[in-house]
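Chain and residue survey
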Amino acid sequence: MSLVVKIDAAWPGFRLRIDFAAEHGMTGVFGRSGAGKTSLLDVVAGVRKASRAFVKLNGDVLADTAGGIFVPVRRRRIGYVPQNLSLFPHLSVRRNLLYGSSDGDGGEPFSLAHVTELLEIAPLIEREITHLSGGELQRVALARALLSRPRLLLLDEPLASLDADLKARIIPFLRRIRDEFGIPTLYVSHDPMEMVALCQDVLVIELGEGRQLHAPGEIFEQRVETVYRFRASVGQCD
Amino acid sequence: MIRPEEWQVLRLTVVLAALSNLSILAPGLALAWVLARGDWPAKSLVETIVTLPLAMPPVATGLILLKLLGRRGVIGKYLHESLHFDIAFTWRAVVIAMAVMSFPLLVRTCRTAFAQVDPRLEQIARTLGASDPRVFFTITLPLARRGVVAGSLLAFARALGEFGATIMVAGNIPGRTSTLPLAIYHLVQLGQDAQAYRMMLISILITFAAVWLGERLVPRGKEGGP
Amino acid sequence: MKRCGVSLIFMCLFAVPLTNAAELTVFAAASLMDALKEIGARWEQAGGESVVFNFASSSTLEQQISAGAPADLFLSADEAKMDQLAKQDLILPGTRESILSNTLVIVVRKESRLSLTKAADIANVAALALAEPQTVPAGIYAREYLEKIGAWNAVKSKVIPTENVRAALAAVEAGNADAGIVYKTDAAISKELKIAWEVPASEGPKISYAAAILRATGQPELARKFLAWLTSPEAKQSFHKYGFLPPAPHD
């Protein structure tokens, strides 16, 4: 894939300056809370408008403030799994899953049967959203985004609210998605371990500035202290 | 128990209030959503205009309507002369007066209800390809259902009790424009207190019924997220 | 399911027509209420079509008719309102006649100790109820009389104007006014008031009730029949019973 993102914008109390081009499948977006990671995803998705932005995906310009171009959200074909999942509370699991797809049969690998099997949520389809566990909700949100046959996936801290055990169980699913679907993905997280486990390269954002793509391992080298703090909080020993 | 002339007044009032509600529902919901979510240059001007009937004396609003829709009014004159069609002092004027006076209540209540729906949900729906109408009907409206029903009921009750604007633009003509509040007022003016009290009781009963019905139509605890 | 029930109710409400077709609409001054209800009931008993009355002050009714309110007949408590309609060509020519007259009285509550040795003493009350003295016939008549006897300026600030003469009556009955000026026919139907002063016909204003068929009527023949009924000997008897006087001769 080729994703080009250039943003130079300010909102009350906050500024975002982004400039990167990603080629590989799963690109990490790494930084502390409040660094601007979610805002970046919002601008790419079109959900938030920036005073100056340029977003190009696979040759299609989605946003270009200089040229007066702004493709509406619903036409960008971007699958977004936000931090709070934003599952529709008044709809069943099935209706949530099929919201973005017209018939649930988008052809392999986007069929309802395949995606629910892959994420092991087939037995949950007829349930209500309110009756699911955290891990189940996470997988339903992922499935919903996938079933809409997106050209780009935006995952915002998909594992943040899960315990270590559940995290370990879902990472394989994410790998499966990465490998089977091959959809370009921006993966936001503040956990370097997830970066290493899943991403080919990582955009590091600090105080709203993100310009460089690093190899995942580099985060450890350049930010040893920070990493030690992170690893300590996650409770892992090396 | 209820006399024929009382039944006629009651029926007229309820039917016209229902018509009024039906006519303002679509524009009211649309405007409420646009005010809740949108941000455009003339927004505060529109907000002010919509709120006017709520703040102005009802008779003043009624007078404006009369000036527009009466036989000598800008619109009324054309309708009367070209189409032999009257609005003032007919049931149509009652519906218009009810609609104008209850519209702000509907819009404000629904706007609050829509604003309380997590905008994130609407945004996600859009990323999944939904057009604005689809987002409104499948996400916003169902989640705001309770507030929308409350707003409609409020508008309905307001229409049932509408007096000042109605008496100006529709007068009080038995069988045609004599609604419950107008009838009560008229009976008191004629010194017929006993009948006025009967009508007053009927008024209380239907308002009670309307509110009760509303509570039943929307079961508690069915909206909101996990 | 519940939605079905609600819509069924609505459909029933809509299905039944809101007004009847062959029915006479009579706009009449408030002071005629009791007498007309009785006369109208007799009319229907005698086989006449149903009659619907709209009682209000003659000024309100005149406004409504001017604005196009649907009515077949208009009975006004003064000629002025009928003149206004005639000017706008809203009356069916040749159908206008003066049908009744009345007497002005000053009423007080039965237990009131107000005594009037002359009408001008009325200036001593704290609150005097009148039908709106600028527009409503009963109020206009009262004001004209008070002006004639030179008491109007003293009384003006104590006036409680009401929407029609019956409301003035009710105000005195309720104790919201110490006295009121109404028609003798209104005082007659009240059980709680007594007449403190009756304005003699020679001193009082000329009260004349006018009746006419309106041009916009959809049933002129039926209206003629009813108007004839109103001026029949039997109806005259009913009016007399309530205290109305025959129409004053024209100058």
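Residues numbered from 1 in each chain as written. Chains lettered and ligands numbered in written order. Predicted model: local features only at pLDDT ≥ 70, side-chain atom pairs only at ≥ 80, totals over all residues.

Some points on the overall build of chain A
The following threshold applies: Secondary structure elements follow DSSP: runs of H or I no shorter than four residues count as helices, runs of E no shorter than two count as strands, and numbering proceeds from the N terminus. Each residue is classed by its C-beta neighbour count within 10 Å, where at least 20 other C-beta atoms makes it buried, 12 or fewer makes it exposed, and intermediate counts make it partly exposed; the C-beta atoms are placed from backbone geometry. In this description, a residue-residue contact is defined by the distance between C-beta atoms placed from the backbone, which must lie within 7 Å.
The number of helices and strands found in chain A is eight helices and twelve strands. The buried share among the 238 residues of chain A stands at 42%. Counting contacts in chain A only where the partners sit at least 6 residues apart, residues at least 24 apart contribute 70% of the total.

Quick word on the nonpolar core
This is how the line gets drawn: We define the nonpolar core as any set of buried residues of the types Ala, Val, Leu, Ile, Met, Phe, Trp, Tyr and Cys, connected via C-beta atoms lying within 7 Å of each other.
Within the largest apolar cluster, 212 residues are counted, with the highest numbers of intra-cluster contacts made by Leu154(A), Ala97(B) and Leu73(C). With 17 residues, helix 5 (residues 91–115) of chain B is the single largest residue contributor to this core. In this view, Leu154(A) contacts Leu41(A), Val44(A), Ala45(A), Ile78(A), Gly79(A), Tyr80(A), Val81(A) and Leu186(A); residues no more than four positions away in its chain are not counted.

What about the packing of helix 4 (residues 134–147) of chain A against helix 5 (residues 164–181) of chain A?
Residues and elements named next belong to chain A. The condition that has to hold: Each axis is a line fitted through C-alpha atoms, taken for helices only over the stretch in contact, and angles between the N-to-C directions span 0 to 180 degrees. An angle below 35 degrees is read as roughly parallel, one above 145 as roughly antiparallel, one from 65 to 115 as roughly perpendicular, and any other as oblique.
Relative orientation of the contacting elements helix 4 and helix 5 amounts to 10 degrees, with a least axis distance of 11 Å. In terms of orientation, helix 4 lies roughly parallel with respect to helix 5. Between helix 4, through Gly134, Gly135, Gln138, Arg139, Leu142 and Leu146, and helix 5, the contact on the second element is made entirely by Leu166, Ile170, Phe173, Ile177 and Phe181.

As for the sheet that holds strand 6 (residues 128–131) of chain C
All names here are of chain C. Applied cut-off: Only strands joined by at least two bridges in the DSSP assignment are considered to pair.
Read from one edge to the other, the open sheet built from five strands follows the order 7-6-8-5-9, with strand pairing classed as mixed. The open sheet is flanked by strand 7 (159–162) and strand 9 (193–198), the only strands paired with a single partner. Shown here is a sheet whose adjacent strand axes are inclined to one another by a mean of 35 degrees, direction ignored. Of the pairings in the sheet, the one linking strand 5 (residues 104–109) to strand 8 (residues 179–183) comprises five bridges and is antiparallel in character. Residue pairing in the sheet places Leu104 in a bridge with Tyr183 of strand 8. The strands touched by helix 5 (residues 137–148) are strand 5, strand 6, strand 7 and strand 8; relative to strand 6, the strand with the most contacts, the crossing angle is about 125 degrees. The strands that helix 7 (residues 165–173) touches are strand 5, strand 6, strand 7, strand 8 and strand 9; relative to strand 8, the one it contacts most, it runs at about 145 degrees.

Some remarks on the environment of Leu85(A)
Residues and elements named next belong to chain A. Here Leu85 shows up in the loop between strand 7 (78–81) and helix 2 (93–97). The exposure class assigned to Leu85 is buried, which follows from the 22 C-beta atoms found within 10 Å. C-alpha separation for the pair Leu85 and Val140, spaced 55 residues apart in sequence, amounts to 9.0 Å. Not counting residues up to four positions away in its chain, the partners in contact with Leu85 are Leu137, Gln138 and Ala141.

As for the interface of chain A and chain B
Accessible area lost during the coming together of the parts is what is often quoted as the interface size. Keep this limit in mind: In this count, Pro and Cys sit with the nonpolar residues alongside Ala, Val, Leu, Ile, Met, Phe, Trp and Tyr, while Asp, Glu, Lys and Arg are called charged and the others, Gly among them, polar.
Contact with chain A, which involves 18 residues of that partner, is made by 18 residues of chain B. Its residues placed into classes, the side of chain A that touches chain B shows ten nonpolar, seven polar and one charged.

Observations concerning the pairing of strand 2 (residues 14–22) of chain A
Residue and element names in this part refer to chain A. Summarising the sheet, strand 1 (residues 3–11) and strand 2 pair through nine bridges and their orientation is antiparallel. Among the inter-strand pairings, Val5 is bridged to a residue of strand 2, identified as Phe20. If you look at the hairpin formed by strand 1 and strand 2, you'll find two residues sitting between the two strands, and Gly13 has a positive phi there, around 75 degrees.

Considerations on the packing of helix 1 (residues 4–37) of chain B against helix 8 (residues 145–160) of chain B
All names here are of chain B. Going by this rule: Each crossing is labelled by how the near helix is turned from the far one, with a counterclockwise turn of less than a right angle marking it left-handed and a clockwise turn marking it right-handed.
Contact geometry for helix 1 and helix 8: axes closest at 9 Å, N-to-C directions at 140 degrees. Accordingly, the angle class assigned to the pair helix 1 and helix 8 is oblique. Viewed along their axes, helix 1 and helix 8 form a crossing whose handedness is right-handed. Facing Thr13, Ala17, Ser20, Asn21, Ile24, Leu25 and Leu29 of helix 1, the residues of helix 8 in contact are Val148, Ser152, Ala155, Phe156, Ala159 and Leu160. Partitioning the contact of helix 1 with helix 8 into residue classes produces nine nonpolar, four polar and no charged.

Considerations on helix 2 (residues 33–45) of chain C
Residues and elements named next belong to chain C. Note the threshold: The span expected for a helix works out to 1.5 Å for each residue beyond the first. The arc under discussion is defined with respect to the helix axis, by the directions toward the C-beta atoms.
For helix 2, spanning 13 residues, the distance from its first C-alpha to its last is 18 Å, which sits close to the expected 18 Å at 1.5 Å a residue. Those residues of helix 2 not exposed but buried are Met33, Ala35, Leu36, Ile39, Gly40 and Trp43. Along the long axis of helix 2, the arc covered by the buried residues comes to 155 degrees, so they all point the same way. Seen from the open side of helix 2, the exposed residues pointing more than 90 degrees away from its buried face are Ala41 and Gln45. Residues of helix 2 that are buried in the fold lie against strand 1 (23–29), strand 2 (50–56), helix 7, helix 9 (220–230) and helix 10 (233–242). Immediately beyond the C-terminal end of helix 2, within one or two residues, lies Gly47, with a positive phi of roughly 100 degrees.

Here's the deal with the interface of chain B and chain C
Every contact between the two is made by 19 residues of chain B and, on the other side, 21 residues of chain C. Sort the elements by how many residues they give to the side of chain B that touches chain C and helix 1 of chain B lands first, with five residues. Its residues placed into classes, the side of chain B that touches chain C shows ten nonpolar, five polar and four charged.

Focus on the arrangement of the chains
With two pairs of chains in contact, the largest contact count belongs to chains B and C. Regarding chain A and chain C, which are not in contact, the minimum distance between any of their C-alpha atoms is 20 Å.

Description of the confidence of the model for chain B
When pLDDT is low, close inspection of the predicted coordinates is not appropriate. Convention followed: The pLDDT value expresses, per residue, how confident the predictor is, ranging between 0 and 100.
Across chain B, pLDDT averages 89, with 96% of residues at or above 70. For this predicted complex, the interface confidence reaches an ipTM of 0.86, while the overall pTM sits at 0.80.

Examining helix 5 of chain A
Residue and element names in this part refer to chain A. Here helix 5 is 18 residues long and its end C-alpha atoms lie 26 Å apart, about the 26 Å a rise of 1.5 Å per residue gives. Three or more residues of helix 5 are buried, namely Lys167, Leu174 and Ile177. In this structure, the buried side of helix 5 is in contact with helix 4 and helix 6 (192–198).

Side note on unusual backbone geometry
Leaving glycine aside, a negative phi is the common case for residues, and trans is the common case for peptide bonds. All names here are of chain A. Unlike most non-glycine residues, Arg77 shows phi in positive territory, near 55 degrees. Here Arg77 shows up in the loop between strand 6 (69–70) and strand 7. Backbone geometry places Glu120, a non-glycine residue, at a positive phi of 55 degrees. Inspection of the secondary structure puts Glu120 in the loop between helix 3 (112–118) and helix 4. Note on Glu120: 14 C-beta atoms within 10 Å, which makes it partly exposed.

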